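Chain residues, written in single-letter form:
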Amino acid sequence: MRSQCQSEQRRAVTRAVKAVREAPLSRREREHQQRRQEVLAAALKLFARRGFEKTTMADIAAQAEFAVGTLYKLFADKDALYRVLILDTVERCVQRLIATLEGPGDEIERLERYIELKAKLFAGNVPTARLYFAQTAGGALTQTSGLDQAARRSYERVLLTLE
């Protein structure tokens, strides 16, 4: 009974989040999101090529063709940008995995689709995965401190869907 209530609550939250995300954005909000995505793409490219430590905010600004000040309007610092880059990827993957698990078909069919999707998601996000694993290797407390817990909380939502 408790599991059924939790499942219904998760679905209600998912529907509410989806409704907010699907609400039309103003031109300014769309431009802000576009700039943010361009900066994240530039950062991922540079982090993958040079590594996190050797990449500066100035490098990212140049790659994204923005002023450094624009980056600091979008992200407090390079650590915040890294965090958003990783957690945005995790969240997109988690949403798709949950949708697959809640989709049509019996348990075996849904699990087969889940495994197939998980492999596709990983293959499609190799640069982000490499960056994450490079930054968290050895479990050292670095700028990624707390990131593992945030990513784990997102993944736990997938696990709760399996119940």
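Structure: above.
Residues numbered from 1 in each chain as written. Predicted model: local features only at pLDDT ≥ 70, side-chain atom pairs only at ≥ 80, totals over all residues. Heavy atoms only, no water.

**Some remarks on helix 7 (residues 126-136)**
Thinking step 1. Along helix 7, the residues classified as buried are Thr128, Ala129, Leu131, Tyr132, Gln135 and Thr136. Down the axis, helix 7 shows its buried residues gathered within 160° of arc, on one side only. Exposed residues pointing more than 90 degrees away from the buried face of helix 7 are listed as Arg130 and Ala134. (Buried < 20%, exposed > 50% of the residue type's maximum accessible area, 1.4 Å probe, protein only. Helix = DSSP H or I, 4+ residues; strand = E, 2+ residues; numbered from the N terminus. Arc of directions from axis to C-beta.)

**So, the packing of aromatic side chains**
Where two aromatic rings form a pair, the distance of their centres and the angle of their planes describe that pair.
Thinking step 1. Summed over the entire model, instances satisfying the criterion amount to 3 aromatic pairs.
Thinking step 2. Judged by centre distance (5.3 Å) and plane angle (65°), the ring pair of Phe52 and Tyr82 falls under edge-to-face. Taken together, the positions of Phe52 in the loop between helix 2 (27-50) and helix 3 (57-64) and Tyr82 in helix 5 (residues 78-101) put the pair 30 residues apart, joining distant regions of the chain.
Thinking step 3. Look at Phe52 and you get buried, because its relative accessible area is 3%.
Thinking step 4. Take Tyr82: its relative accessible area is 0%, and that puts it in the buried class.
Thinking step 5. Measuring from ring centre to ring centre gives 5.6 Å for Tyr132 and Phe133, while their planes differ by 65°; the resulting arrangement is edge-to-face. (Phe/Tyr/Trp six-rings, centres within 6.5 Å; stacked < 30°, edge-to-face > 60°.)

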